[in-house]
Structure formats: C-alpha cells, structure tokens
Number of protein chains: 2
Amino acid sequence: MRITNQREIILEELKRLKTHPTADELYEVVKKRLPRISIATVYRNLERLSEAGIIHKLEYGGRQKRFDGDVRPHSHVFCIRCGRISDVDTVDGLDVREMVLDSKGFQIKEGSLQFQGVCPVCQKEKQLNVN
Amino acid sequence: MRITNQREIILEELKRLKTHPTADELYEVVKKRLPRISIATVYRNLERLSEAGIIHKLEYGGRQKRFDGDVRPHSHVFCIRCGRISDVDTVDGLDVREMVLDSKGFQIKEGSLQFQGVCPVCQKEKQLNVN
DNA sequence: ATTGGTGCAAATGCTTTGCATAAAG
DNA sequence: CTTTATGCAAAGCATTTGCACCAAT
C-alpha cells in the first residue's frame with residue numbers, strides 16, 4: 001500500500017477524531033488540509049485501510065457507515081435517534097469469545113459488546129420538544 | 001396499527017424464516033403468497049414493525065439491512081464476506097448491561113454481543129478458490 | 001518507467017416518498 | 001365515513017466505479 005499524502009492525512013485525522021465520523025464528516029475535516037481532495041478518495045482509502053485492519057468500519061446505527069481509528073478491542077453504543085456512536089467503558093479482562101457456546105459453523109474472528117440507547121444530545125432535544 | 005393482509009403475511013414469513021433476511025429476500029418470499037405486493041410495502045411494514053418493537057432491524061454486515069422476527073435478547077455473528085447473519089448461542093444468564101462501567105452519558109436501552117467471522121458457505125468457497 | 005492512486009462525473013443500488021386508489025375499522 | 005395502507009413510479013442519498021491524469025517508488 002503506497003503512502004500518499006491523502007492516505008496519510010485521512011488516517012491522521014481519523015485517529016485524531018474521537019467521534020467515529022462518517023465518510024463525509026471526515027471528508028469535511030480533511031478538506032481543510034487538502035482542499036482539492038475528492039470524496040471518492042476518502043471512501044477508497046477508508047475501505048483499503050479497514051481491509052488492512054488499520055482502522056475499523058462500524059456498520060450499525062443509521063444509513064451511513066462510521067469509522068474508528070482505534071482498533072483496540074472495545075465496545076460501542078449507538079444512538080437510536082441520530083446514529084451517533086460513542087465508546088463504552090466495560091469491565092476489564094473481558095473476552096467475549098469465551099461466552100460463545102455454539103457459533104453455528106461460523107469461524108469467529110472478532111467479538112464485542114454493542115449497546116443502543118439515546119445520546120446526551122438527543123436526550124436534551126426530547127426534553128425541549130415536550131415543552 | 002391496522003391489521004392488513006400484507007402486514008400479517010410479512011410478519012408471519014419473517015417469523016418463520018430463521019435466516020435474518022434482507023427486505024428484498026423477504027419480498028421474494030412474500031410475493032409467492034401475495035403476487036401483487038410492492039417492495040415499498042415490505043419496506044414500510046418492516047420499518048413500522050421494528051419501530052413498534054415487534055421485530056428487530058439488524059444494521060451490521062453489508063450494505064443491506066436485515067430483519068429478525070425473534071426479539072428475545074440474543075447474539076449474532078455476521079459474515080465479513082457475504083453479510084449473512086446467524087444467531088449465536090452464548091452462556092446463560094448473560095446481562096451485558098452489567099458490564100458497563102461508563103456509558104458516556106448515553107441512556108442505554110439494549111445491549112448484546114456481536115461477533116464477526118466467516119460463515120460456513122464462505123469457508124467452503126475459500127477452499128475452492130485455492131485450487 | 002511502472003504501478004498504484006487521485007479527481008471528477010456518472011452510475012449503482014438500497015431505501016424512501018408522492019400520489020392516486022383501495023381496504024380497514 | 002374516515003383514516004391508514006398499498007402499489008407504482010420517481011426521487012433520494014450514500015457509496016462505488018470508469019477513465020484520464022498524476023504521483024510514488
């Protein structure tokens with residue numbers, strides 16, 4: 001995998017952001033440093049980098065995929081209202097693969113806890129709408 | 001929610017299938033009983049039913065969403081090659097919410113284990129491709 | 001010099017929506 | 001009778017792709 005300017009900066013910005021951005025959110029950020037970059041380049045690199053295991057593609061919560069520059073095993077919550085994703089701190093030394101009794105013939109590569117709920121922003125919005 | 005023929009049959013077929021079908025897979029099955037049904041009706045009903053908590057929408061693994069007629073808490077694996085989803089049997093009495101230390105302000109509604117791996121079908125295909 | 005990557009625009013494919021008609025309560 | 005759902009076709013929108021040009025090795 002060739003090291004291009006675009007690839008480096010995409011990876012750098014994704015690792016800096018802790019927000020699990022969508023491709024277009026990341027595109028907006030990267031564009032500040034590379035004004036002529038194309039959204040297609042962002043998509044292509046996010047795909048390549050996640051295939052290589054350098055980043056993670058998150059496919060839950062809403063229509064758009066989200067990306068995570070932190071590949072250490074950890075758990076996520078996603079907001080059922082807005083799709084926002086956050087890390088969740090869980091008890092230490094958790095290996096979820098130990099909890100499997102029958103994987104139905106699947107060869108399991110990874111496992112994690114996944115939560116869904118309502119994010120702080122959407123909790124506030126709900127209160128306002130009640131008034 | 002009005003009980004229409006279409007709605008009943010969509011729900012019935014989804015509950016019968018254990019394959020976590022996509023909207024169009026379910027559409028093909030339902031069409032055998034209701035040849036004039038529209039794919040839009042399938043989408044609209046799957047949305048309504050999942051909002052009502054009668055079914056579950058599964059948003060991981062591939063571009064298409066998948067649906068589950070079984071709403072009892074349980075875990076899934078999805079295939080990183082083809083997106084196929086299967087149930088996974090895990091140790092009993094597991095309440096994953098007990099494992100949360102910090103939910104980062106999210107109000108957590110549900111939690112589950114989620115695994116990714118390679119399904120039996122794709123394992124075979126890989127072997128064949130090697131020859 | 002060669003190979004892989006980029007930018008642009010067009011195409012793709014899943015999902016949603018507007019609207020007239022039909023069915024449920 | 002009123003309201004909600006359906007079928008059809010068109011629109012939407014995130015993502016992917018073809019292609020000519022450019023940059024990394």
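Just so you know, these numbers come straight off a predicted model, no measurement behind them. (Residues numbered from 1 in each chain as written. Chains lettered and ligands numbered in written order. Predicted model: local features only at pLDDT ≥ 70, side-chain atom pairs only at ≥ 80, totals over all residues. Heavy atoms only, no water.)

Enquirer: Please set out the sheet that holds strand S5 (residues 100-102) of chain A residue by residue, giving values where relevant.
Expert: Strand order in the open sheet formed by eight strands is S5(A)-S4(B)-S3(B)-S6(B)-S6(A)-S3(A)-S4(A)-S5(B), and the pairing between neighbours is mixed. One side of each edge strand has no neighbouring strand; the edge strands of this open sheet are S5 of chain A together with strand S5 (100-102) of chain B. Taking the axes of each pair of neighbouring strands and ignoring which way they run, one obtains an average angle of 45 degrees across the sheet. Strand direction decides the pairing type here: strand S6 (residues 107-118) of chain A and strand S6 (residues 107-118) of chain B, joined by eleven bridges, are antiparallel. What sits directly across from Gly111(A), in S6(B), is Phe115(B). (Pairing = 2+ DSSP bridges. Helix = DSSP H or I, 4+ residues; strand = E, 2+ residues; numbered from the N terminus. Axes fitted to C-alpha atoms, helices over the stretch in contact; angles between N-to-C directions.)

Enquirer: Tell me what's going on with the domain arrangement of chain A, and back it up with residues and numbers.
Expert: Residue and element names in this part refer to chain A. When cut into domains, chain A gives domain 1 (1-71) and domain 2 (72-131). It is His 20, Tyr 60 and Asp 70 in domain 1 that bury the most area against domain 2; as a group they hold 53% of the surface buried on that side. A salt bridge links Arg 72 to Asp 70; the nearest nitrogen and oxygen atoms lie 3.0 Å apart. Mapped by element, the contributors of at least two residues to the side of domain 1 that touches domain 2 are strand S1 (56-58) and strand S2 (66-68). (Domains from an automatic or database assignment. Buried area = accessible area lost by both parts, 1.4 Å probe. Salt bridge = Lys/Arg side-chain N within 4 Å of Asp/Glu carboxyl O.)

Enquirer: Could you give me a rundown of the environment of Ile37(B), with the residues and numbers involved?
Expert: Residues and elements named next belong to chain B. Among the structural elements, Ile 37 can be located in the loop between helix H2 (23-31) and helix H3 (39-51). Judged by its relative accessible area of 8%, Ile 37 is buried. For the pair Ile 37 and Glu 12, spaced 25 residues apart in sequence, the C-alpha separation works out to 15 Å. If we skip the residues at most four places from it in the chain, Ile 37 touches Gln 6, Ile 10, Tyr 27, Val 30, Lys 31 and Val 42. (Buried < 20%, exposed > 50% of the residue type's maximum accessible area, 1.4 Å probe, protein only. Contact = heavy atoms within 4.5 Å.)

Enquirer: Talk me through the protein's contact with DNA strand C; I want residue IDs and the actual numbers.
Expert: Taken together, 20 residues form the shell around DNA strand C, and within it Arg2(A), Thr4(A), Thr41(A), Arg44(A) and Tyr43(B) come nearest. At the protein interface, 68% of the atoms of DNA strand C within 4 Å belong to sugar or phosphate. For DNA strand C, a phosphate oxygen lies 2.9 Å from a polar atom in the side chain of Arg36(A). Here a phosphate oxygen of DNA strand C and a backbone polar atom of Ser38(A) are 3.1 Å apart. Classifying every residue of the surface near DNA strand C gives five nonpolar, six polar and nine charged. (Near = heavy atom within 4 Å. Polar contact = N/O pair within 3.5 Å; in protein donor to acceptor, adjacent residues only side chain to side chain. Nonpolar A, V, L, I, M, F, W, Y, C, P; charged D, E, K, R; others polar.)

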